[in-house]
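Each chain, letter by letter, is given below.
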Amino acid sequence: MSERDPASVRFQSRYNCLKVTVNGDVTRIRALGEDGEVFDETTVCIAPHDDAVAYAVRHTPEVESTPADDGDGNIAGQMFDFAGPGIPAISGESSNPGEYYFNYDQYEFFVGIKNVSIFPGQTLFLFIGAEAPNEVCSLEGLGNDVIDPEGQGADGLDFLEHLVFTNFMPMVGCILGDETADGTYRDFDSRGASINTGQGVFHLNPTLDPIAGARLQQFNQSPQTSIVPNEENADFIEVSIPLGVLGNPAPGDEVCVAAVVGLDTVKTNISEQSRRLDSGFFGAGMSADNGISVIRGIRAKLDHDPDGDGMTSYEEAVAGTNPDDPESLLEMYVEQDGEIIEMSWRAATGRVYRVESSLKVNGPFQLLDELIIDGNELTPGGGAVVSITNRIESAQGEFYRLRVDQIPPGG
């Protein structure tokens, strides 16, 4: 090989094997090193998601505000640390818009995207707003319809007037994809782009104003450990937006999100302000007809605890319990007979349970036992009580905790 292929975002020359798991329309590809660690991965999804609600987990990921320090537009050691379930985008003919995570805290709404794969000259556009089931809106009338990077700028958003949203009203537009742009720049010129698209987080208003207080980090490794020369496309993207910009949604409310990939063909004449879009997108569905692209957003519900049992709706989804029933929750019961401890709980199918022990209440904890419930162990239609036993080895007693994870699609 004499040179890197343009489609190779990050090439690693090392002994490895691939683990490929297929579950319906989703394929996960993981590169495993000699010691079994996953050092690279991607997800390919070929069918649109339905209108099911995703979860925005209450968690504050680190979105750095410090300048790049590794000589390649990134911060040495920075990591993608979003919590909760990732939702893969639909892979397109020439792009993969990545896998999407939603977090929130008292002050901000966060969108994290990992495993983005785009060519030089392509742009990832992210849109965030409020649900509006009966509304149809577009970006027509936003911006000034001219290429003026030194003026109003944010020209990437000027030429998407053919993009229509059917189930939400976008309030925020993000121009993304370049790892050297960790902030909002109206005149940013990405490598290979036919116009200065800009990069950053903008209000979707007539003047496309930058959003005060928004933060953006784009990088290509997690953790960021080395320089990758001759490319600038971000693999990992982190966006934080003040909740007030989105109307101060409360726990239980929903925020809608969609994303598209702009290709290198941009029509800038006043009669047609458009940019050719790839078939890859993030959303509940997307269609195109007569030059108009129509997209439905994914609804992300801010996680909460509707039944007041101490477990949020997302935690109950992971545990396989009912978020609307205060009696349905994950609890471990302990019975002691001399030195023998029996721990039991009600299990759900498709879960991995791990019991851990420690001599101190705050750890460190060590794995004591693991139970994998793949569906064959329990009766159809529900869970059953499972248990493990342990002999207490310390005269001071021991502390135990129960952890649960869903078995991922494809195992």
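See the structure shown above.
Residues numbered from 1 in each chain as written. Predicted model: local features only at pLDDT ≥ 70, side-chain atom pairs only at ≥ 80, totals over all residues. Heavy atoms only, no water.

(A) Here's a closer look at the overall build of the protein chain. A tally of helices and strands in the protein chain yields two helices and 25 strands. Oriented by its inertia axes, the alpha-carbon framework of the protein chain measures out at about 80 × 55 × 40 Å. In the protein chain, which comprises 411 residues, the share counted as buried stands at 48%. Entry remark: accessible area of the protein chain is about 19300 Å², with carbon and sulfur atoms responsible for 48%. (Helix = DSSP H or I, 4+ residues; strand = E, 2+ residues; numbered from the N terminus. Buried < 20%, exposed > 50% of the residue type's maximum accessible area, 1.4 Å probe, protein only. Areas by Shrake-Rupley, 256 points an atom, 1.4 Å probe, with all protein chains shown as cover.)

(B) Representation of the sheet that holds strand β3 (residues 38–45) within the structure. Here three strands make up an open sheet; going across it, the order is β1-β2-β3 and the pairing antiparallel. Since the sheet does not close on itself, it has two edges, and those belong to β1 (17–23) and β3, each with one partner. Neighbour-to-neighbour, the strand axes of the sheet open up by a mean angle of 15 degrees, direction not taken into account. Pairing analysis gives seven bridges linking β1 to strand β2 (residues 26–32), with the strands arranged antiparallel. (Pairing = 2+ DSSP bridges. Axes fitted to C-alpha atoms, helices over the stretch in contact; angles between N-to-C directions.)

(C) Region of the structure containing the sheet that holds strand β22 (residues 351–358). Read across the sheet, three strands follow the order β23-β22-β25 without closing on themselves; strand pairing throughout is antiparallel. At either margin of the open sheet sits one strand with a lone partner, and together these are β23 (366–373) and β25 (399–406). On average, each strand axis in the sheet is inclined to that of its neighbour by 20 degrees, with strand direction left out of account. Taken together, the seven bridges between β22 and β23 define a ladder with antiparallel strand orientation. Residue pairing across strands places S357 opposite Q366, the latter belonging to β23.

(D) Representation of the pattern of salt bridges within the structure. Here the structure, examined in full by the defined rule, presents 12 salt bridges. Close ionic contact of E131 with R299 constitutes a salt bridge, the shortest N to O distance being 3.9 Å. Pair noted here: E131 is in strand β8 (residues 123–131) and R299 is in strand β19 (residues 298–302), with a separation of 168 residues, a long-range link. The partner of D209 in a salt bridge is R186, and the shortest N-O contact between them spans 3.6 Å. You can see D209 sitting in the loop between β12 (200–203) and β13 (215–219) and its partner R186 sitting in the loop between β11 (168–176) and β12, a full 23 residues away along the chain. The partly exposed category is assigned to D209, whose relative accessible area is 28%. Linked through salt bridges whose partners overlap, the residues forming this network are E131, E254 and R299. (Salt bridge = Lys/Arg side-chain N within 4 Å of Asp/Glu carboxyl O.)

(E) Looking closely at the side chain of D148. Within the fold, D148 resides in the loop between β9 (137–138) and α1 (155–158). With no salt bridge to any partner, buried D148 finds its closest opposite charge in R186, at an N-O distance of 7.6 Å. Of note is the side chain of D148, whose polar atom sits 2.8 Å from the side chain of N144. Here the side chain of D148 touches Q152 through a polar contact of 3.0 Å, landing on its backbone nitrogen. Each residue touching D148, except ones within four places of it in the same chain, is listed here: G153 and D155. (Lys, Arg positive; Asp, Glu negative; His and termini not counted. Polar contact = N/O pair within 3.5 Å; in protein donor to acceptor, adjacent residues only side chain to side chain. Contact = heavy atoms within 4.5 Å.)

(F) Summary view of the packing of aromatic side chains. Summed over the entire model, instances satisfying the criterion amount to 12 aromatic pairs. When the centroid spacing of 5.1 Å and the interplanar angle of 65 degrees are considered together, the rings of F127 and F165 count as edge-to-face. Residue F127 is located in strand β8, and its partner F165 is located in strand β10 (residues 163–165); the two are separated by 38 residues in the primary sequence. Accessibility assignment for this pair places F127 and F165 in one class, buried. Between the aromatic rings of F165 and F168, the centroid separation amounts to 5.4 Å while the plane-to-plane angle is 75 degrees, which identifies the pairing as edge-to-face. Accessibility expressed as a relative area gives 0% for F168, which makes it buried. Here the aromatic cluster, defined as three or more aromatic residues joined through ring pairs, consists of F80, F82, Y101, F219 and F236. R401 extends its terminal NZ or CZ atom over the ring of F365, reaching a point 4.2 Å from the ring centre. (Phe/Tyr/Trp six-rings, centres within 6.5 Å; stacked < 30°, edge-to-face > 60°. Lys NZ or Arg CZ within 6 Å of the ring centre and 35° of its normal.)

(G) Quick look at the nonpolar core. Core analysis: the largest hydrophobic core is formed by 36 residues, its most contacted members being Y100, F102, F109, L126 and I128. Contributions of two or more residues to this core are made by β4 (54–58), β6 (99–104), β7 (108–114), β8, β11, β14 (236–242), β15 (254–267) and β19. If you tally residues by element for this core, the top one is β15, at four residues. Dropping the residues within four chain positions of it, Y100 is found in contact with P85, G86, I87, A89, V111, G112, I113, L124, L126, A259 and F282. Core analysis: the second largest hydrophobic core is formed by 24 residues, V26, L160, L277 and F281 among them. (Core = buried A, V, L, I, M, F, W, Y, C linked by side-chain atoms within 4.5 Å.)

(H) Structural detail: unusual backbone geometry. A cis geometry characterises the amide bond from S222 onward to P223, with omega recorded as 0 degrees. Within the secondary structure, P223 is located in the loop between β13 and β14. Even without being a glycine, N115 presents a positive backbone phi close to 60 degrees. By the secondary structure assignment, N115 is in the loop between β7 and β8. Here N290, not a glycine, exhibits a phi torsion of approximately 55 degrees, which is positive. With respect to the helices and strands, N290 occurs in the loop between β17 (285–289) and β18 (292–296).

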